[in-house]
Amino acid sequence: MSYLTKAIRWVRHWHARIGFFASLFFISMVVSGVALNHTKTLGLAENTVSAPWLMQWMGLRADLPTEGYKVGEQYVISSSDKAVLDSHILHHVRNEVLGAVSWNGLVAIVDKNTLYLFDSSANLIDHIGGENLPKPSLKGIGLLNQQVVLKTENGAYQTDDALHWKKLSIKNIAWCEKSALPKSLYQIVEANFSPSISLEKMLLDLHSGRIFGRYGPLLMDLVAFILFLLSISGVWMYLRVMRHSHKK
Amino acid sequence: MWFDLEKIRKTLQTGLLVWSVFMMPIAFAEEQYLSQEEFLKEAFNQQTPALDVLWITKDVGMQAEKILGHKPNQLRQRYWKKDGKTAWVLEEIGKEEPITAGFVIEAGKIQAARVLVYRESRGAEIRYPAFLKQYLGAQLTGGATLNQPIDGISGATLSVNAMNRMARLALMFDSQSRENK
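Computed from a predicted model, the values in this text were never measured in an experiment.

### Description of the overall build of chain B
Item 1. Summing up its helical and strand segments, chain B has 5 helices and 6 strands in all.
Item 2. By the burial criterion, 42% of the 181 residues in chain B qualify as buried.
Item 3. Taking all contacts inside chain B whose residues are at least 6 apart in sequence as the whole, residues at least 24 apart take part in 59%.

This is the structure we're talking about:
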């Protein structure tokens, strides 16, 4: 058997075997890649997965809040990047809540740089931040004579309309504090604060290999290189076949 | 070899790291081009009037939803008004992040349009006067569209669309604020 014949058989042998074993990775790359090209249509960013085994695999652990801010008959519960008013998700609140009070039938909530006003159904009335606040950095909220008082790094500011602010020189303001959540809210806490990731993030991690851990991206680099080699060997075998059929 | 592979590899690595450290903030940081205070001083000749509010009633909400393609973000819109001129600071998502823009309306026409804060990684060309001047004099038609065409910017389509929606919204809000008074 000539050296060339041996080489052809060797390439064909490994082309088939490597292709077979790598096909699983190729299929996942194709499926995730096509899906990611249509993120918006498929709503990948909006839909989440929270299967406990997957969260554990990805190293995401639950850190369920046990306290919240009582506002009337409702509770504002928050983590570092999510907040709920009982079972209503407060989509606009993206930082940890530093305080919440019930005010004129509304719920006034502060995080580190914004004052939010919601109605009892969690509809956003207004959000006041930046130059519309008396000071940019907030630390808490309280009530004084039925008016909202904001705690800032430069003192306390009072308002009756969340538009105009008056600096207060009073020291002993009752700032709102967290209290332990009643058992009736545990289910809501678990439903809202158990770890989850968007489908988009999951597919991105699958596509890049990060889902397989620290060396996952290197694994996908290897798969990509294998695909490259398979392409070269496939083209070479095809050209050989074409040349043979021409000779005949 | 006459060239040192190890040295070339290390240089490339360092270069890539340095490039990524400098490019990342440029690519993804929030950029404020004009503060609200500066915008208002510009709009009202250094004499910013007091704040007023427009409540988004059911009817106003429906008109806003028609313009935006979604329900308005909040039920109370703050604005400033003086000598028949109103100024609106609005936010609308371009691709993934909100763009903050200011519009000055007088006699039902846009007198000024400015980009205050831009947060996307691309498309910030909308802040340039060459683009924004297209909005000057624009009015709202019966169908709640602008009565003059706005040429887009290649690579900034979503940001341009967001600016258009905010321009239409500001004109509608201005009209409502005059009806309410």
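### Comments concerning the side chain of A:Ser78
Residue and element names in this part refer to chain A.
Item 1. Locating Ser 78 in the fold gives a position in strand S3 (residues 74–78).
Item 2. Residue classification places Ser 78 among the buried positions, given a relative accessible area of 8%.
Item 3. At 3.2 Å, the side chain of Ser 78 and the backbone nitrogen of Val 97 are in polar contact.

### Some thoughts on the packing of helix H3 (residues 58–68) of chain B against helix H5 (residues 157–180) of chain B
Residues and elements named next belong to chain B.
Item 1. The geometry of H3 relative to H5 is characterised by a closest axis approach of 9 Å and an angle of 160° between their N-to-C directions. Taken together, H3 and H5 sit at an angle that is classed as roughly antiparallel. For the pair H3 and H5, the crossing hand works out as right-handed. On the side of H3, the interface is formed by Asp 59, Val 60, Gln 63, Ala 64, Lys 66, Ile 67 and Leu 68, while H5 contributes Arg 165, Arg 168, Leu 169, Met 172, Phe 173 and Gln 176.
Item 2. Taken together, the residues of the contact of H3 with H5 sort by class into 7 nonpolar, 2 polar and 4 charged.

### Re the interface of chain A and chain B
Item 1. Taken residue by residue, the interface counts 14 residues in chain A and 14 residues in chain B.
Item 2. Taken over both partners, the interface formed by chain A and chain B buries close to 1,200 Å², and the fraction arising from carbon and sulfur atoms is 41%.
Item 3. Summed over the shared surface of chain A and chain B, the number is 2 salt bridges.
Item 4. When the shortest N-O distance is used, the salt bridge between B:Arg76 and A:Asp126 registers 2.8 Å.
Item 5. At the junction of chain A and chain B, the tally comes to 13 residue pairs in polar contact (both at pLDDT 80 or more).
Item 6. Top contributing element to the side of chain A that touches chain B by residue count: strand S9 (residues 124–129) of chain A, with 5 residues.
Item 7. By residue class, the composition of the side of chain A that touches chain B is 6 nonpolar, 5 polar and 3 charged.

### Side note on the pairing of strand S2 (residues 67–71) of chain A
Residues and elements named next belong to chain A.
Item 1. As judged from the 2 bridges shared by S2 and strand S14 (residues 179–180), these two strands associate in the antiparallel manner. What sits directly across from Glu 67, in S14, is Ala 180.
Item 2. Bridge analysis of S2 against S3 gives 3 bridges, and the strand direction is antiparallel. Looking at S3, one finds that Lys 70 is bridged to Tyr 75.
Item 3. Linkage of S2 to S3, two consecutive antiparallel strands, is achieved through a turn of 2 residues, within which Gly 72 is found at a positive phi near 65°.

### Side note on the sheet that holds strand S12 (residues 155–159) of chain A
Residue and element names in this part refer to chain A.
Item 1. Judged by pairing direction, the sheet is antiparallel, and its 4 strands sit side by side in the order S10-S11-S12-S13 without closing on themselves. The open sheet has two edge strands with one neighbour each: strand S10 (138–144) and strand S13 (166–168). Strand-to-strand twist in this sheet, taken as the mean axis angle between neighbours without regard to direction, amounts to 30°.
Item 2. Where strand S11 (residues 147–152) lies against S12, 5 bridges are found, and the strand directions are antiparallel. The partner of Thr 152 across the bridge, within S12, is Gly 155.

### Considering the environment of B:Met163
Residue and element names in this part refer to chain B.
Item 1. Topologically, Met 163 is positioned in helix H5.
Item 2. Classification of Met 163 by relative accessible area gives buried; the value is 0%.
Item 3. It is 9.6 Å that separates the C-alpha atoms of Met 163 and Arg 114, two residues lying 49 residues apart in sequence.
Item 4. Discounting residues that sit within four places of it in the chain, Met 163 has contacts with Ala 101, Phe 103, Val 115, Ile 126, Phe 131, Leu 132 and Tyr 135.

### Observations regarding the packing of aromatic side chains
Item 1. Here the structure, examined in full by the defined rule, presents 8 aromatic pairs over all chains.
Item 2. When the centroid spacing of 6.4 Å and the interplanar angle of 70° are considered together, the rings of A:Phe25 and A:Phe212 count as edge-to-face. In this pair, A:Phe25 sits in helix H1 (residues 3–37) while A:Phe212 sits in the loop between helix H5 (199–208) and helix H6 (216–247), placing the two residues 187 residues apart along the sequence.
Item 3. Residue A:Phe25 is classed as partly exposed on the basis of its relative accessible area, which comes to 25%.
Item 4. Ring geometry for B:Tyr79 versus B:Trp88: centroids 4.4 Å apart, planes at 15°, classification stacked. Across the pair, B:Trp88 and B:Tyr79 agree in class, each one buried.
Item 5. One aromatic cluster is present, formed by B:Tyr79, B:Trp88 and B:Phe173 through successive ring pairs.

How each quantity is defined
Residues numbered from 1 in each chain as written. Chains lettered and ligands numbered in written order. Predicted model: local features only at pLDDT ≥ 70, side-chain atom pairs only at ≥ 80, totals over all residues. Heavy atoms only, no water. Helix = DSSP H or I, 4+ residues; strand = E, 2+ residues; numbered from the N terminus. Buried < 20%, exposed > 50% of the residue type's maximum accessible area, 1.4 Å probe, protein only. Contact = heavy atoms within 4.5 Å. Polar contact = N/O pair within 3.5 Å; in protein donor to acceptor, adjacent residues only side chain to side chain. Axes fitted to C-alpha atoms, helices over the stretch in contact; angles between N-to-C directions. Parallel < 35°, antiparallel > 145°, perpendicular 65-115°, else oblique. Left-handed = near helix turned anticlockwise from the far one by under 90°. Nonpolar A, V, L, I, M, F, W, Y, C, P; charged D, E, K, R; others polar. Buried area = accessible area lost by both parts, 1.4 Å probe. Salt bridge = Lys/Arg side-chain N within 4 Å of Asp/Glu carboxyl O. Pairing = 2+ DSSP bridges. Phe/Tyr/Trp six-rings, centres within 6.5 Å; stacked < 30°, edge-to-face > 60°.

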